[in-house]
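# Observations on the model geometry
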Amino acid sequence: MKQLEKNYKKVVIKIGSSILTKEGALNLEQFKKIVEQIKELVSKNKEIILVSSGAIAAGMSLLGLKNRPTKLQELQAVASIGQGKLMQVYAQLFKEKNLLCAQVLLTWDDFDNRVRYLNAKNTLLTLLKHKTIPIINENDTVSTDEIKFGDNDRLSSLVAVAVKADLLINLSDVEGLKGPDGVISCVSKITSEIKKLASGTNKQISVGGMLSKLEAAAIANNSGVPCVIADGKKENILIKIILENQGYGTIFLPSGKLGARACWIAFGTKVKGKIIVDEGAKTALIEKHKSLLCPGIISLEGKFQKGDIASILDTNGKEFSRGRVNFSSGELEKTKGKRIAKEVIHRDDLVIL
């Protein structure tokens, strides 16, 4: 594929449960193939970060469960049991290849809090410096609905953005994004028409689906990171993509290049509320790069505090920006729409999506 010509140095690889399991249990042969490929990549001076699913699937297997639990406390318990098994498999296989791996468990809070976000980022970069493979998973054991990512697709894209990866690879059991004429080899922009080609999943051991993969690709692309969705069961798929630049699956090309802080505001934080603005304010923010002031605010939704991230919507309910607010929702309720020259969101803390 013509677009795969760059010498990718730092690569984030997300591996779905459908790749790592077989008949409800961990597929050790598949683990061995992945680790073997990573060994070769590291020998070529590539820096690899794994975002690996499989903890809940491993726990279900150990407990003899056929169906994925639906209650939060059951999921947490199953994940707790399975996470140890998952890391045991990785640690043993990497040891056989004279490589070290490290467990990194994250939640939304680790991204939402700026200090914790930077700490997590620095830890990952330090692990790479020590030639160690970070193996990242959502911390399902303590995650609640409020701090869950929902799937590892989004987590992998946020990690790729945080460490400024050269490439994000999302391995699944599909060849890529399929269109009317088969797999689409290259997507230059993720439009509403592209999203219509996606669907969710009803598999017992996994969550997400193609739609969540597209959303993750969009996060990476807006931050300047190309993304490939490919079939993880294809022989030597990682070698073919990273070392041989062969065009397997679907590559999503970068459509933006947000700075590190802008990326954090736009994608690395949990939106706490909504601010609906008039057309004049929308024009001022997008075209004139102004700060958001009180007169342009029509209404508010949700409760947020000073320093939280809020979503900015136009009169049609479409989100076009996000920013860090200087006032709580309670304070803004008293001043919205009034001719008060207060900067609700400073332009340096505002990102146009």
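Refer to the structure above for everything that follows.
First, a word on scope: everything that follows refers to the structure included in this document. Nothing here was measured: the structure is a model prediction, and the numbers come from that model. (Residues numbered from 1 in each chain as written. Predicted model: local features only at pLDDT ≥ 70, side-chain atom pairs only at ≥ 80, totals over all residues. Heavy atoms only, no water.)

## Overview of the overall build of the chain
Note the following rule: For the purposes of this entry, the term helix denotes a DSSP run of H or I that reaches at least four residues, the term strand denotes a run of E that reaches at least two, and both are numbered from the N terminus. Taken over C-alpha atoms, the radius of gyration is set against a globule rule of 2.2 Å times the number of residues to the power 0.38. Three labels apply to residues, based on accessible area from a 1.4 Å probe with only protein chains included: buried if under 20% of the type maximum, exposed if over 50%, partly exposed otherwise in between. Residue contacts follow a heavy-atom distance rule, with two residues in contact if any of their heavy atoms lie within 4.5 Å. What sets the accessible areas is the Shrake-Rupley method with a 1.4 Å probe; for residues, cover comes only from the shown protein chains.
Helix and strand content of the chain: 13 helices and 19 strands. Taken over C-alpha atoms, the radius of gyration comes to 21 Å for the chain, in line with the 20 Å a tight globule of 353 residues would show. Burial analysis of the chain (353 residues in total) assigns 51% to the buried set. Of the contacts made within the chain by residues no fewer than 6 positions apart, 73% connect residues no fewer than 24 positions apart. Carbon and sulfur atoms provide 48% of the accessible area of the chain, an area that totals close to 16500 Å².

## Some thoughts on helix 9 (residues 210–222)
For clarity, the cut-off: In this scheme, a helix's expected span is set at 1.5 Å multiplied by one less than its residue total.
End to end, helix 9 covers 18 Å across 13 residues, agreeing with the expected 18 Å (1.5 Å per residue, within 8%). Most of helix 9 sits inside the fold, with ten of its 13 residues counted as buried. Buried residues of helix 9: M210, S212, K213, L214, A216, A217, A218, I219, A220 and N221, and no others. Downstream of helix 9 by one or two residues, G224 has phi in the positive range, about 90°.

## Details of empty space enclosed by the protein
Note the following rule: Cavities and pockets were defined on a 1 Å grid built from protein atoms only: a cavity is a group of points that admits a 1.4 Å probe but offers it no way out, a pocket is an open group of points flanked by protein on both sides within 12 Å along at least five of seven lines, and a lining residue is one with an atom within 4 Å of any such point. Grid points are joined across faces, edges and corners, and a volume is the space filled by probe spheres set on the points. Polar here means any residue other than Ala, Val, Leu, Ile, Met, Phe, Trp, Tyr, Cys and Pro, which are nonpolar, and Asp, Glu, Lys and Arg, which are charged; Gly is therefore polar.
For the coordinates displayed, the defined rule picks out one cavity of 30 Å³ or more. Estimated volume of the largest cavity: approximately 40 Å³. Around the largest cavity, the lining residues are L106, D110, F111, Y117, A120, K121, L124 and A162. Where the lining of the largest cavity is concerned, the elements lending two or more residues are helix 5 (108–112) and helix 6 (114–129). No other element matches helix 6, which puts four residues into the lining of the largest cavity. Among the residues making up the lining of the largest cavity, the classes are represented as six nonpolar, no polar and two charged.

## Let's talk about the packing of helix 7 (residues 152–162) against helix 9
In a packed pair of helices, the relevant descriptors are the angle between the two axes and the axis-to-axis distance. Stated precisely, the cut-off is as follows: Under this scheme, a helix contributes an axis fitted over its contacting stretch, all axes are lines through C-alpha atoms, and angles between N-to-C directions fall in the 0 to 180 degree range. Relative orientations are named as follows: roughly parallel for angles under 35 degrees, roughly antiparallel for angles over 145 degrees, roughly perpendicular for angles from 65 to 115 degrees, and oblique for any other angle.
At a closest axis distance of 8 Å, the pairing of helix 7 and helix 9 adopts a crossing angle of 10°. Regarding the angle of helix 7 to helix 9, the classification is roughly parallel. Along the contact surface, helix 7 presents D153, R154, S157, L158 and V161, while helix 9 presents S212, K213, A216, I219 and A220. Each residue belonging to the contact of helix 7 with helix 9 can be placed in one class, and the counts come to five nonpolar, two polar and three charged.

## A word on the sheet that holds strand 7 (residues 167–172)
To summarise the sheet geometry, strands pair through backbone hydrogen bonds and adopt either a parallel or an antiparallel arrangement. Under the convention used in this document: When DSSP finds two or more bridges between a pair of strands, those strands are recorded as paired.
Pairing in this open sheet of eight strands is mixed, and the strands run 5-6-4-1-7-11-12-10 from one edge to the other. Here the strands that pair on one side only, and so sit at the sheet edges, are strand 5 (100–106) and strand 10 (186–187). As judged from the three bridges shared by strand 11 (residues 227–231) and strand 12 (residues 250–252), these two strands associate in the antiparallel manner. From the neighbouring strand, V228 faces strand 12, where its bridge partner is I251. Helix 4 (residues 72–96) contacts strand 1 (10–15), strand 4 (47–52), strand 5 and strand 6 (132–138) of the sheet and is inclined by roughly 155° relative to strand 5. Its contacts with the sheet place helix 6 against strand 1, strand 4, strand 5 and strand 6, and it is angled at close to 145° to strand 6.

## As for the side chain of S157
This is how it is decided: Any pair of nitrogen or oxygen atoms within 3.5 Å is treated as a polar contact; in protein, a donor-acceptor pairing is required on top of that, and neighbouring residues in sequence qualify only through side-chain atoms on both sides.
Mapped onto the fold, S157 is located in helix 7. Residue classification places S157 among the buried positions, given a relative accessible area of 0%. One polar contact links the side chain of S157 to the main-chain carbonyl oxygen of R154, over a distance of 2.7 Å. Sequence-distant contacts of S157, that is, excluding residues within four places in its chain, are made with L168, A216, I219 and A220.

## Points about the packing of aromatic side chains
Rule in force here: Pairing of aromatic rings covers Phe, Tyr and Trp, the last through its six-membered ring, and needs centres within 6.5 Å; plane angles under 30 degrees mean stacked, over 60 mean edge-to-face, and all others mean tilted. Lysine NZ or arginine CZ positioned within 6 Å of the ring centre and within 35 degrees of the ring normal marks a charge as sitting over the ring.
Taken as a whole and assessed by the stated rule, the structure comprises three aromatic pairs. Judged by centre distance (5.0 Å) and plane angle (65°), the ring pair of F31 and Y90 falls under edge-to-face. Placement of the pair is F31 in helix 2 (residues 28–43) and Y90 in helix 4, with a sequence separation of 59 residues. Here Y90 and F94 contribute two aromatic rings whose centre-to-centre distance is 6.2 Å and whose plane-to-plane angle is 20°, an arrangement assigned as stacked. With Y90 and F94 both in helix 4 and four residues apart, this pair spans about one turn of that helix. F94 carries the same exposure label as Y90, and that label is buried. What links up through ring pairs into an aromatic cluster is the set F31, Y90 and F94. Cation over ring: R114 sits above W264, and NZ or CZ is 5.0 Å from the ring centre.

Take it as geometry only, folks, not as evidence of what the structure does.
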